[in-house]
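Structure assessment
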Amino acid sequence: MTTAKAEATLEVRDGVAVLTLDAPERRNALTLPMCAEMVAAMDEVDRDQSVGALVVHGTGKGFCAGADLSTLGDAGKDPLDAEGFANLSSVYESFVRLGRVTVPTIAAVHGAAVGAGMNLMLAADLRVVAKDARLISGFLRRGLHPGGGHFTLLDRLGGRELTAAMALFGEELDGEQAVRAGLAWEAVDADRLLPRAMELAGRVAADPELARATVANFRRETGATPLPWDVALQFERTTQMWSMRRG
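Description of the structure in this document. None of the values given here were measured: they were computed from a predicted structure. (Residues numbered from 1 in each chain as written. Predicted model: local features only at pLDDT ≥ 70, side-chain atom pairs only at ≥ 80, totals over all residues. Heavy atoms only, no water.)

**A look at the pattern of salt bridges**
- Under the definition given, this model contains 16 salt bridges.
- In this structure, D43 and R97 form a salt bridge, with 2.9 Å as the shortest nitrogen-oxygen distance. On the criterion of sequence distance, the pair formed by D43 in helix 1 (residues 32–47) and R97 in helix 3 (residues 82–100) is long-range, its members being 54 residues apart.
- By relative accessible area, which is 28% here, D43 ends up partly exposed.
- The class for R97 is buried, based on a relative accessible area of 7%.
- With a closest N to O distance of 2.6 Å, R196 and E186 form a salt bridge. Here the residue R196 occupies a position in helix 7 (residues 193–205), and E186 occupies one in strand 9 (residues 186–188), the gap between them amounting to ten residues. (Salt bridge = Lys/Arg side-chain N within 4 Å of Asp/Glu carboxyl O. Helix = DSSP H or I, 4+ residues; strand = E, 2+ residues; numbered from the N terminus. Buried < 20%, exposed > 50% of the residue type's maximum accessible area, 1.4 Å probe, protein only.)

Shown next, in the form of structure tokens:
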């Protein structure tokens, strides 16, 4: 009997959990099994009180190319189908769960972060990016309405003008542009990306109990938008699923 390779793995280094997206052959595009592994890993982080921070990164040439197209296609066959609705919810949960994990989180982003991959990046508390990273909204390019609270996630970091430029008009940002736009803290050479994220995470992880208490209040006190993320996610869902069904 052959056991499928895990596509989302977790390891802990000196109190810092590292969640690695490991499906390089499809640039870490999200499938339902991979999303389930990601959620299970973050559940484990919450259970392990010795962990004080979480870093998310991807293997291969890109951070995350969004949701796997076959997953999106299956979900959009019938917007009223309960299974399709549940499957799309599972994709959403992979990054919504990152927004709820009980330790401070950092996304270490190289290569392309597209669509749901951008949502995953934006769900973290802090972003460190490679200078040659490519941040791409990408939904309209695929003929899809943005999903997962994409407008809300972009707006709470970059504001309305940037959200319009990226999500409506298809502008892309590299790593250094992302820093200037307020979507990331720092842009570094690709070989420095994970070490720099680990350096930052290690500082807060030195006191896990304080890290968990502090990040809870950090999230309550920052990032306010006119529409809460969970409300935005549901508000846009009907239109997104309609867009999947066309053609």
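**Topic: the pairing of strand 4 (residues 105–109)**
- Taken across its five residues, strand 4 has five buried, putting it largely inside the fold.
- The alternating pattern of strand 4 places T105, A107 and V109 and I106 and A108 on opposite faces, both of which are buried.

**Things to note about helix 4 (residues 116–123)**
- Where burial is concerned, most of helix 4 is hidden: eight out of the eight residues are buried.
- Residues of helix 4 that are buried include every one of A116, G117, M118, N119, L120, M121, L122 and A123, and no others.

**A word on the sheet that holds strand 2 (residues 16–21)**
- Taken together, six strands build an open sheet; the order of strands is 1-2-3-4-6-9 and the sheet is mixed. Each of the sheet's edge strands pairs with one partner strand only, and the pair in question is strand 1 (8–13) and strand 9. The average undirected angle you get between the axes of adjacent strands in this sheet is 20 degrees.
- In the sheet, strand 6 (residues 126–130) pairs with strand 9 via three bridges, with the strands oriented parallel. Counted as the bridge partner of A130 is V188 from strand 9. (Pairing = 2+ DSSP bridges. Axes fitted to C-alpha atoms, helices over the stretch in contact; angles between N-to-C directions.)

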